[in-house]
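Breakdown of the fold
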Amino acid sequence: REVCKISGSGLVPYNLHLGNLAFTWAVLNNFNTYMVLPRQNGKTTAAAALIYWFTYFGGYNTEQMLFANSNRNLINNMGRVRNIRENLPQYMQLMDRRNDRDGSEMITFKSLGNKILKQAPKRSEEGADSVGRGFSTPVVWYDEFAFIPHIKTQYQASVLAQTRVAKQAAQFGLPH
């Protein structure tokens, strides 16, 4: 909280309130979590901060997948993770610009073998089923879950693979 600054009207400290604190505790203790708070209370910022932390500090050889209701939200969420990274004090700037990837589809941190991937929403049920079956990451962030097209199909298709890889991560004490 002391070093995490959020871009807005200048840089403001991360707003750790009871909602974000409970969410952070649950996620760091590997509970599947669904957060509901009134608008503009930092839900997305809290999730982006955790994704950042998993990538640069808390994970090892792990992938995280970001889903959202629109490609625009995915781009914005990847930008939020980048902004958190860029706004940290210099001594915490861990990204190696020569080796790490900072693209629109993927962010990597090779020192720990971590990746953040994003997947645009699929407009057909077949596409949603395919993307659900096509990923197996221990950490998944669904932003605007209720508004992702064909989310029921996608989620049902992903449960088995995600559960399997989460169990593997748990064996190694990694986030899942």
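Residues numbered from 1 in each chain as written. Predicted model: local features only at pLDDT ≥ 70, side-chain atom pairs only at ≥ 80, totals over all residues. Heavy atoms only, no water.

Observations concerning unusual backbone geometry
- Of note in this structure, Glu144 is not a glycine but carries a positive phi near 60°.
- The residue His150 is not glycine, and still its phi comes out positive at about 55°.
- Mapped onto the secondary structure, His150 falls in the loop between β6 (139-143) and α5 (151-171).
- The class of His150 is partly exposed, set by a relative accessible area of 30%. (Helix = DSSP H or I, 4+ residues; strand = E, 2+ residues; numbered from the N terminus. Buried < 20%, exposed > 50% of the residue type's maximum accessible area, 1.4 Å probe, protein only.)

Things to note about helix α1 (residues 18-28)
- Listing the buried residues of α1 in full gives Asn20, Phe23, Thr24, Ala26 and Val27. Projection of α1 onto a plane perpendicular to its axis shows the buried side chains occupying an angular sector of 165°, all on one side. Looking at α1, the residues exposed on the side facing more than 90 degrees away from the buried face are Leu18 and Trp25.
- In the core, the buried residues of α1 are packed alongside α2 (43-58).
- Looking one or two residues past α1, Asn30 carries a phi angle of roughly 65°, positive in sign. (Arc of directions from axis to C-beta. Contact = heavy atoms within 4.5 Å.)

Concerning the pairing of strand β3 (residues 63-68)
- Among the six residues of β3, five are classified as buried, and the element is accordingly described as predominantly covered.
- By the bridge criterion, five bridges tie β3 to strand β5 (residues 114-119) in an arrangement that is parallel. Counted as the bridge partner of Glu63 is Lys115 from β5.
- Where β3 meets β6, five bridges bridge the pair, whose relative direction is parallel. Bridge assignment links Met65 to a residue of β6, and that residue is Val140. (Pairing = 2+ DSSP bridges.)

Describing the pattern of salt bridges
- With the rule as written, the count across this model stands at seven salt bridges.
- The partner of Arg85 in a salt bridge is Asp102, and the shortest N-O contact between them spans 2.9 Å. Taken as a pair, Arg85 in helix α3 (residues 71-86) and Asp102 in the loop between α3 and β4 (106-109) lie far apart in primary sequence, 17 residues in all.
- In this structure, Asp96 engages Arg98 in a salt bridge whose closest nitrogen and oxygen atoms are separated by 3.3 Å.
- For Asp96, a relative accessible area of 22% translates into the label partly exposed.
- Shared partners join several salt bridges into a network, and the residues in it are Arg82, Arg85, Glu86, Arg97 and Asp102. (Salt bridge = Lys/Arg side-chain N within 4 Å of Asp/Glu carboxyl O.)

Some details on the environment of Leu11
- Assignment of secondary structure puts Leu11 in strand β2 (residues 10-13).
- Excluding anything up to four places from it in sequence, Leu11 contacts Lys5, Ile6 and Asn87.

Digging into the environment of Thr153
- Looking at the secondary structure, you find Thr153 in helix α5.
- Given the relative accessible area of 16%, Thr153 is considered buried.
- Taking the C-alpha atoms as reference points, Thr153 and Val131, 22 residues apart in sequence, are found 9.7 Å from one another.

A few points about the packing of aromatic side chains
- For the structure on display, the rule yields ten aromatic pairs.
- When the ring of Phe145 is compared with that of Tyr155, the centres are 5.8 Å apart and the planes differ by 85°; the resulting orientation is edge-to-face. Of the two residues, Phe145 is situated in the loop between β6 and α5 and Tyr155 in helix α5; the sequence distance between them amounts to ten residues.
- Counting every residue linked through ring pairs, the aromatic cluster contains Tyr34, Phe67, Tyr142, Phe145 and Tyr155. (Phe/Tyr/Trp six-rings, centres within 6.5 Å; stacked < 30°, edge-to-face > 60°.)

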